[in-house]
Amino acid sequence: MSIDPADFAARLRAEQNDPGREETLRRERATRQRKAILAAGAGILLLGAFGAWLASAMGGRPADEPFAPGMLDEAMWPDEWPATKSIPFRGSPAAAWEDGAVGIRLPQSKAVAGLTDLEVSAGLGAVRDFLITTNLSSQTLYGPNPVVALNLLAPGDPARQRLETALTDPGTGRELLQFLTRFDRDEVEVLTTAGMAKTDGTMTYEVTPAGELSVQADYIFVYALVKASGAKQIHPNGLEVPRVVVHRQLDTLVPDGKLHPQTHTTAIINDDCTTPADGFIHPLFYDDQKKTKKWASVDPYAEKHSNAAVPGACVRPART
């Protein structure tokens, strides 16, 4: 449809002479300005949201800001953030270790220096049983009297006597931790989804000049724990989980199926040294880290531990 030029010109003159024309133009300008402001504000909000996501993804979040933004998968969290029950061994070498007793593998036994294959195998099995009962058995982890563990030690052996004394004398509570891994059930629970703990280590053996089987065991046990009550909720689907690392080195004679420990070294990392010596390990949680600023730092997975990592020592744990 064509428009007559004369009619179009007449219409323009009529609009220009319209007394309400200025008000109409003013309203149109105000509308355009509002739309421009809203568009700019939306752009700023979008840029701010992207910046917050980027800061979260890079770990650059304030210390007092809640952990775990919804868009950041827990597997991508910085190692400094607490682990949760969802991924209890995140950021730890122990994540790739075997579960519980599976990680205590025995060397191939064979007849040697007057001992039969069966005698060597039985001796190695006794040491393995001792490591399991002292570090993985629920009777020891929570129990008041680890009878099975004690019975694996030879009657009258000094190590057994020390443990029996410590069980009856509260003043020597940390003596128990030299051989036993124990937690206060009213304080924490060990996650059982990983077979009580993650385990890694080695066992070797030799025969002494006296013809006795000597076994050397070197194992690390890593426990993931959660508070028995009042656990901190790190994100909607995960409660805070700290880890305790127990490194045990045992050199023992096994002449008669019972253990006669010759040397025994224990390092416990992530044990609160400010708690009473009650025979339990008391793990530090994320909010407890502020009290460890002046303590010596110890990497529990390092080949050599500081002597300060003995039970009850004040050390700042790394990667726990």
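Residues numbered from 1 in each chain as written. Predicted model: local features only at pLDDT ≥ 70, side-chain atom pairs only at ≥ 80, totals over all residues. Heavy atoms only, no water.

1. Things to note about the pattern of salt bridges
Per the stated rule, a full pass over the model turns up five salt bridges. With a shortest N-O distance of 2.6 Å, Arg105 and Glu98 are connected by a salt bridge. Note on Glu98: relative accessible area 31%, which makes it partly exposed. With its nearest N and O atoms 2.7 Å apart, the salt bridge here joins Asp99 to Lys198. Separated by 99 residues along the polypeptide, Asp99 in strand β2 (residues 98-99) and Lys198 in strand β4 (residues 198-207) bring together distant segments of the chain. Among the residues examined, Asp99 registers a relative accessible area of 33% and is labelled partly exposed. (Salt bridge = Lys/Arg side-chain N within 4 Å of Asp/Glu carboxyl O. Buried < 20%, exposed > 50% of the residue type's maximum accessible area, 1.4 Å probe, protein only. Helix = DSSP H or I, 4+ residues; strand = E, 2+ residues; numbered from the N terminus.)

2. Considering the pairing of strand β8 (residues 243-253)
Of all 11 residues in β8, nine are buried, a share of seventy percent or more. When strand β5 (residues 213-227) meets β8, the two strands line up antiparallel, connected through 11 bridges. Considered in β8, the bridge of Ser214 is made with Leu253. Where β8 and strand β9 (residues 260-269) come together, nine bridges link them in antiparallel fashion. Bridged to Asp251 within β9 is Thr263. Where β8 folds back onto β9 in an antiparallel hairpin, the turn is made up of six residues, including Gly257, whose phi is positive at roughly 85°. (Pairing = 2+ DSSP bridges.)

3. Observations concerning helix α3 (residues 117-135)
Taking 1.5 Å per residue as the helical rise, α3 with its 19 residues ought to reach 27 Å, and the 27 Å between its terminal C-alpha atoms agrees with that figure. Restricting attention to buried positions, one finds in α3 the residues Val120, Gly123, Leu124, Gly125, Ala126, Val127, Phe130, Leu131, Ile132, Thr133, Thr134 and Asn135. In the core, the buried residues of α3 are packed alongside α4 (138-141), α5 (147-151), β4, β5 and β8. (Expected span 1.5 Å × (residues − 1). Contact = heavy atoms within 4.5 Å.)

4. Overview of the side chain of Asp271
With respect to the helices and strands, Asp271 occurs in the loop between β9 and β10 (296-298). Asp271 sits in the buried class, given a relative accessible area of 3%. Among the polar contacts listed, one links the side chain of Asp271 to the backbone nitrogen of His282, at a separation of 3.0 Å. (Polar contact = N/O pair within 3.5 Å; in protein donor to acceptor, adjacent residues only side chain to side chain.)

5. Description of the pairing of β4
In this sheet, β4 lies alongside β2 in antiparallel orientation, the contact comprising two bridges. Following the sheet pairing, Glu98 is matched in β4 by Thr199. Of the strand pairs in this sheet, β4 and β5 are connected by 10 bridges, and their pairing is antiparallel. Residue pairing in the sheet places Asp200 in a bridge with Ile220 of β5. Hairpin connection from β4 to β5: five residues lie between these consecutive antiparallel strands, with Gly211 at a positive phi of about 85°.

6. Re unusual backbone geometry
One non-glycine residue with positive phi stands out, namely Ala113, at about 45°. Considering the arrangement of structural elements, one finds Ala113 in the loop between β2 and α3. One non-glycine residue, Asn270, lies in the positive phi region at around 85°. With respect to the helices, strands and loops of the structure, Asn270 is situated in the loop between β9 and β10.

7. Notes on the sheet that holds strand β7 (residues 238-241)
Judged by pairing direction, the sheet is antiparallel, and its three strands sit side by side in the order β1-β7-β6 without closing on themselves. Two strands lie at the open edges of the sheet, namely β1 (83-84) and β6 (233-235), each paired on one side alone. Relative to β7, β6 is paired through two bridges, and the arrangement is antiparallel. Bridge pairing links Gln233 to Leu239 in β7.

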